Amino acid sequence: MLVSNNSYVPPKYFILNGIPGLERVHVWISLPFCTMYIISLLGNLGLVYLIHHEESLHHPMYFFLAMLSLVDLFTCTTTLPNALCIFWFNLKEINFNACLVQMFFVHGFTGVESGVLMLMALDRYVAICYPLRYATILTNPIIAKAGLVTFLRGALLMIPFPFLVKRLPFCQSNIISHTYCDHMSVVKLSCASIKVNVIYGLVVALLIGVFDISCISVSYTMILRAVVSLSSADARQKAFSTCTAHISAIIVTYVPALFTLFTHRFGGHSIPSSLHIIVANLYLLLPPTLNPIVYGIKTKQIRDNVIKLLQGEKRASTQDK
């Protein structure tokens, strides 16, 4: 907004336009989104409760899984309720400062999620390559410090984003073609150079995404070498099976994230905006929805404890009757 003396005042609000071109089917699009959100809430809350409740799951692998579940819960909750309000009630206005806060949390939690996936890869590396020293290397204080550093890294690297956006003049449209306040979607509305924002965004992507993916790749390279060297086929299969759930979580998280990153910066007009926005939403919604299901199916200890918990509740209800 242009004011006197060639200075600018930030707009009071933005308009989140949902998925442009698909307005007529917003309600239908909301149904799978809402279903996935409910599944993510139930699944991740259930996992956190189970890990807290069952002492047999008080091990590093499950502590990291509880961290991942909490981060997934916060990640999808920062955007999905807002998107559903757009789809159902056409509530598109968002206060400028609220938009900046949402932007910080969206990018902050996705950065933390990437860090937790890296910690889980390191956990699998220690468990398979140094099984006898596993309990002494990954002690509870070390796990707590690793989780704190991961959280601080995500938060500190994302703090500049709102300030970099706030300095920009928005003297044209205030309509964001998205369901939430994504950094690049917002800065593209500015009538000034966004070079600094783009460069800092790429720097953060390198510091978080490239670093974490590199650590994960190195960890699994070492794991593969250790597993292949095992003489027993059963031992190799058992070692691989402990990693399948985590590998699935990595694929579900990073594939949509990389698609979103590259289409924002290099995709131009070759990809329909509606497809980009749908993938950007799935990038925040798929991991929280699928991770509890994948870990519940692939991890025997979690399956056994879920059955044990359900049988205990069934017995208690029968005795009450």
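Residues numbered from 1 in each chain as written. Predicted model: local features only at pLDDT ≥ 70, side-chain atom pairs only at ≥ 80, totals over all residues. Heavy atoms only, no water.

Caption draft 1: Inspection of the UniProt feature "transmembrane region" (unreviewed entry) in the chain at higher detail. On the UniProt side, "transmembrane region" (unreviewed entry) is annotated at positions that read residues 27–50, 62–89, 101–122, 142–165, 198–227, 239–262 and 274–295 here. A distance of 36 Å separates the end C-alpha atoms of residues 142–165, which is 96% helix and 0% strand. (UniProt positions renumbered as here; feature names shortened; annotations may be inferred. Helix = DSSP H or I, 4+ residues; strand = E, 2+ residues; numbered from the N terminus.)

Caption draft 2: Focus on the state of the cysteines. Enumeration according to the criterion identifies two disulfides in this entry. Sulfur-sulfur distance for the disulfide between cysteine 99 and cysteine 181 comes to 2.0 Å. Looking down the S-S bond of the cysteine 99 and cysteine 181 bridge, the torsion is -120 degrees, so its handedness is left-handed. Of this pair, cysteine 99 sits in helix α4 (residues 96–129) while cysteine 181 sits in the loop between β3 (175–176) and α8 (183–187), and the two are 82 residues apart along the sequence. As far as the burial class goes, cysteine 99 and cysteine 181 line up, both buried. Cysteine 171 shares a disulfide with cysteine 191; S-S distance 1.9 Å. With cysteine 171 in the loop between α7 (160–166) and β3 and cysteine 191 in the loop between α8 and α9 (195–228), the pair connects residues that are 20 residues apart, well separated along the chain. Note on cysteine 171: relative accessible area 33%, which makes it partly exposed. Looking at the unpaired cysteine 34, the closest cysteine sulfur is the one in cysteine 85, lying at 11 Å. Overall, the relative accessible area of 16% leaves cysteine 34 in the buried class. (Disulfide = S-S within 2.5 Å. Buried < 20%, exposed > 50% of the residue type's maximum accessible area, 1.4 Å probe, protein only.)

Caption draft 3: A nonpolar patch on the surface, seen in detail. Taken together, the side chains of Leu148, Phe151, Leu152, Leu156, Ile159 and Phe163 make up a nonpolar region of the molecular surface, amounting to roughly 610 Å² of accessible area. Ranked by the residues each element gives to the nonpolar patch, the list is headed by helix α6 (residues 140–158), at four residues. Take isoleucine 159: it is sitting in the loop between α6 and α7. (Patch = residues over 30% accessible without salt bridge, like charges linked within 9 Å, V, L, I, M, F, W, Y side chains within 5 Å. Areas by Shrake-Rupley, 256 points an atom, 1.4 Å probe, with all protein chains shown as cover. Salt bridge = Lys/Arg side-chain N within 4 Å of Asp/Glu carboxyl O.)

Caption draft 4: Main features of the packing of α4 against α9. Relative orientation of the contacting elements α4 and α9 amounts to 15 degrees, with a least axis distance of 9 Å. One finds that α4 runs roughly parallel with respect to α9. The way α4 lies across α9 gives a crossing that is left-handed. Taking contact as the criterion, the partners of Gly111, Ser114, Gly115, Leu117, Met118, Ala121, Leu122, Arg124, Tyr125, Ile128 and Cys129 in α4 are, on α9, Ile208, Phe211, Asp212, Cys215, Ile216, Ser219, Tyr220, Met222, Ile223, Ala226 and Val227. (Axes fitted to C-alpha atoms, helices over the stretch in contact; angles between N-to-C directions. Parallel < 35°, antiparallel > 145°, perpendicular 65-115°, else oblique. Left-handed = near helix turned anticlockwise from the far one by under 90°. Contact = heavy atoms within 4.5 Å.)

Caption draft 5: Representation of the pattern of salt bridges within the structure. Considering all chains together, one arrives at four salt bridges under this definition. Among the salt bridges present, the one from glutamate 54 reaches lysine 308, with a minimum N-O distance of 3.5 Å. Taken as a pair, glutamate 54 in the loop between α1 (26–53) and α2 (60–77) and lysine 308 in helix α12 (residues 300–320) lie far apart in primary sequence, 254 residues in all. Residue classification places glutamate 54 among the buried residues on the basis of a relative accessible area of 6%. Taking the shortest distance from any N to any O, the salt bridge between lysine 300 and aspartate 304 comes out at 2.8 Å. Separated by four residues within a single helix, lysine 300 and aspartate 304 lie in helix α12, roughly one turn from each other. Residue classification places aspartate 304 among the partly exposed residues on the basis of a relative accessible area of 35%.

Caption draft 6: Spotlight on the nonpolar core. Grouped together as the largest cluster of nonpolar side chains are 40 residues, with contacts concentrated most on Leu65, Met120 and Ile216. Of all the secondary structure elements, the ones that give two or more residues to this core are α1, α2, α4, α9, α10 (233–266), α11 (273–298) and α12. Among the elements that line this core, the one with the most residues is α4, at twelve residues. Excluding residues that lie within four positions of it along the chain, isoleucine 216 makes contacts with Leu117, Met118, Ala121, Ile250 and Tyr254. Listed in part, the 23 residues of the second largest apolar core include Ile86, Leu100, Val165 and Val204. (Core = buried A, V, L, I, M, F, W, Y, C linked by side-chain atoms within 4.5 Å.)

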